[in-house]
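# Descriptive structure summary
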Amino acid sequence: MRSKLSEMAVVFVILVAAVALWFVADRFPDSLKYARVDSDFWPKLICASLALVSALQLLQQAIGLRAAYASQGIASSSRLDPAYVARLVLIGGLILAYFLALQWTGFVLSTLVFLWAASFATPYANLKAKLLFAPLFTIGLCLFFTHALTLPLPRGEGIFYDISLLLY
């Protein structure tokens, strides 16, 4: 039961952060180039999607927790799996590191490294999928933002800026 409660706590923190970041996006400067799709459009879209998914996940977990309590009794307790806790802490640290490295290393490199590290932190066993997902998804996102939307992505600083110029 503790693992379910810890999952609910993490999802609740994500929900609160998504709502808080929505209001941060309100303070972004207006863009003269784009009329309706302003500088706050994509961050707000992502925050709204994240908040909706988090709220639905919280609801699903609460229903599952209620059913578990009803079937096993309130006095039931389960031990936390140390591997689960380690993965949870690792993924949280990876998200923070990705956020901090994005401006320094640029979008392409930081996203690629983050996705590879996150995929190897999960217990999913398919090595081919773990190796191929990160570069394919990064290339897809990069093409979508730079070509379809013509929006700039963080290019990094120093040598990372030079690498970004070579890539796109």
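One can find the structure itself at the top, above this paragraph.
Calculation rules
Residues numbered from 1 in each chain as written. Predicted model: local features only at pLDDT ≥ 70, side-chain atom pairs only at ≥ 80, totals over all residues. Heavy atoms only, no water. Helix = DSSP H or I, 4+ residues; strand = E, 2+ residues; numbered from the N terminus. Buried < 20%, exposed > 50% of the residue type's maximum accessible area, 1.4 Å probe, protein only. Contact = heavy atoms within 4.5 Å. Axes fitted to C-alpha atoms, helices over the stretch in contact; angles between N-to-C directions. Parallel < 35°, antiparallel > 145°, perpendicular 65-115°, else oblique. Left-handed = near helix turned anticlockwise from the far one by under 90°. Nonpolar A, V, L, I, M, F, W, Y, C, P; charged D, E, K, R; others polar. Phe/Tyr/Trp six-rings, centres within 6.5 Å; stacked < 30°, edge-to-face > 60°. Expected span 1.5 Å × (residues − 1). Patch = residues over 30% accessible without salt bridge, like charges linked within 9 Å, V, L, I, M, F, W, Y side chains within 5 Å. Areas by Shrake-Rupley, 256 points an atom, 1.4 Å probe, with all protein chains shown as cover. Salt bridge = Lys/Arg side-chain N within 4 Å of Asp/Glu carboxyl O.

Now for the overall build of the protein chain. When its secondary structure is counted, the protein chain shows six helices and zero strands. Tracing the protein chain from N to C terminus, the helices and strands come up as α-α-α-α-α-α. Split into buried and exposed, the 168 residues of the protein chain put 26% on the buried side. Of the contacts made within the protein chain by residues no fewer than 6 positions apart, 62% connect residues no fewer than 24 positions apart.

Think of two packed helices as two axes; the pair is described by the angle between the axes and how far apart they sit. At a minimum axis separation of 9 Å, helix α4 (residues 107-121) and helix α5 (residues 127-148) run at an interaxial angle of 155 degrees. Taken together, the axis directions place α4 and α5 in an arrangement best described as roughly antiparallel. In the crossing of α4 with α5, the sense of the turn from one axis to the other is right-handed. Touching F107, V108, T111, L112, L115, W116, S119 and F120 of α4 are L127, K130, L131, F133, A134, P135, F137, T138, L141 and C142, all from α5. Of the residues in the contact of α4 with α5, the class split is 14 nonpolar, three polar and one charged.

This paragraph deals with the packing of aromatic side chains. This structure, assessed with the given rule, holds four aromatic pairs. Their ring planes at 20 degrees and their centres at 5.2 Å tell us that F133 and F137 sit as a pair that is stacked. Here the residue F133 and the residue F137 both occupy positions in helix α5, the gap between them amounting to four residues, near one helical turn. When its relative accessible area of 39% is taken as the criterion, F137 is described as partly exposed. For the pair F144 and F145, a centre-to-centre distance of 5.4 Å together with 75 degrees between the ring planes defines the contact as edge-to-face.

Our next topic: helix α3 (residues 82-105). Given a rise of 1.5 Å per residue, 24 residues ought to cover 34 Å, and the 32 Å separating the end C-alpha atoms of α3 matches this to within 8%. Taken as a whole, α3 has its buried residues at Y84, L94, L102 and T105. Among the residues trailing α3, G106 stands out with phi positive, at a value near 90 degrees.

Next up on the list: a nonpolar patch on the surface. Taken together, the side chains of W116, F120, L127, L131, L132 and L136 make up a nonpolar region of the molecular surface, amounting to roughly 570 Å² of accessible area. Listing elements by their share of the nonpolar patch, those giving two or more residues are α4 and α5. Broken down by element, the residue count for the nonpolar patch peaks at four residues, all from α5. Topologically, L132 is positioned in helix α5. Taking relative accessible area as the criterion, L132 reaches 42% and is therefore assigned partly exposed.

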